[in-house]
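Here is what each chain is made of, one letter per residue.
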Amino acid sequence: MLSDVLEKELKGLRPELSEEVLEGLLRDLSPSEDLPSEVRRAQEEIVIELALSLFDLRLGRTIEGDEVVGLDSQIFGIVRKLRELYAKLLSGQLLYSKGRILCRLEKNLVMDGKDLSKGDLLLVEVGIAFPLVSAGYLTPYSSTTVN
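Described in the following lines is the structure provided in the data block. Quick caveat: nothing in here was measured; it's all calculated off a predicted structure.

## Remarks on the pairing of strand β2 (residues 100-105)
Taking every second residue as pointing to the same face, the buried face of β2 carries Ile101, Cys103 and Leu105, while none of Arg100, Leu102 and Arg104 on the other face is buried. The sheet contact formed by strand β1 (residues 96-97) and β2 spans two bridges and is antiparallel. Within the sheet, the bridge partner assigned to Ser97 lies in β2 and is Arg100. With five bridges connecting them, β2 and strand β5 (residues 121-125) associate as antiparallel partners. Residue pairing for β5: Leu102 is matched across the bridge by Leu123. Across three bridges, the pairing between β2 and strand β6 (residues 138-140) is antiparallel. Its bridge partner being in β6, Cys103 is matched across the sheet by Pro140.

## Thoughts on the pattern of salt bridges
By the definition in use, this model includes eight salt bridges. The residue Lys11 makes a salt bridge to Glu7 at a minimum N-O spacing of 3.3 Å. Using a relative accessible area of 58% as the deciding quantity, one classes Lys11 as exposed.

## Here we look at the environment of Ile101
For Ile101, the location among the structural elements is in strand β2. The spatial distance from the C-alpha of Ile101 to the C-alpha of Leu123 is 5.3 Å, given a sequence separation of 22 residues. Each residue touching Ile101, except ones within four places of it in the same chain, is listed here: Leu89, Leu94, Leu95, Tyr96, Leu122, Leu123, Val124, Val126, Ala129 and Pro140.

## Description of helix α5 (residues 126-134)
Among the residues making up α5, those that are buried are Val126, Ala129, Phe130, Leu132, Val133 and Ser134. Here the buried face of α5 lies against α4 (71-90), β1, β2, β3 (109-111), β5 and β6. One or two steps after α5, the chain reaches Gly136, where phi turns positive at roughly 85°.

## Section: the packing of aromatic side chains
Enumeration according to the criterion identifies one aromatic pair in this entry. The side chain of Lys107 reaches across the aromatic face of Tyr137, ending 4.9 Å from its centre.

## Re the packing of α4 against α5
It is the contact of α4 with α5, at a shortest axis distance of 9 Å, that shows an interaxial angle of 135°. What the angle tells us is that α4 and α5 run oblique. You can see that α4 and α5 cross each other, and the crossing is right-handed. Contacts between α4 and α5 involve Ile78, Lys81, Leu82, Leu85, Tyr86 and Leu89 from the former and Val126, Phe130, Val133 and Ser134 from the latter. A breakdown of the residues in the contact of α4 with α5 according to their chemical character gives eight nonpolar, one polar and one charged.

Here is what the cut-offs are and how they apply
- Residues numbered from 1 in each chain as written.
- Predicted model: local features only at pLDDT ≥ 70, side-chain atom pairs only at ≥ 80, totals over all residues.
- Heavy atoms only, no water.
- Buried < 20%, exposed > 50% of the residue type's maximum accessible area, 1.4 Å probe, protein only.
- Helix = DSSP H or I, 4+ residues; strand = E, 2+ residues; numbered from the N terminus.
- Pairing = 2+ DSSP bridges.
- Salt bridge = Lys/Arg side-chain N within 4 Å of Asp/Glu carboxyl O.
- Contact = heavy atoms within 4.5 Å.
- Phe/Tyr/Trp six-rings, centres within 6.5 Å; stacked < 30°, edge-to-face > 60°.
- Lys NZ or Arg CZ within 6 Å of the ring centre and 35° of its normal.
- Axes fitted to C-alpha atoms, helices over the stretch in contact; angles between N-to-C directions.
- Parallel < 35°, antiparallel > 145°, perpendicular 65-115°, else oblique.
- Left-handed = near helix turned anticlockwise from the far one by under 90°.
- Nonpolar A, V, L, I, M, F, W, Y, C, P; charged D, E, K, R; others polar.

As structure tokens, this is what we get:
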């Protein structure tokens, strides 16, 4: 079934990956216990390659501006957010110093064993800030932020 989705994607049809479709894919992909372990491993590797190919195709189309729906809207929404953040970092729009960016905390959080409160300002390492921004825990300050 994953190969069918990939085939439609290659034809430009962009089939929606709804929860129902995903559940069907997962049911169809459950490896048979009757198969030898090396066959199951080979099957898993093929499925991973198909999934990576589908991801790469959809990522490229999403970046080019295609509409994002279904499961893709959740996943590629994060990718778009990271892309925008990356562009702001490289264009000098974020307040950056020594590998860290200035951010405001949007939700209470425990970080490095410290209780942090919503509204706190933090200098956060870029590699930690990016996923926390995409998860909605941080808002980076930019050189144009006015508060």
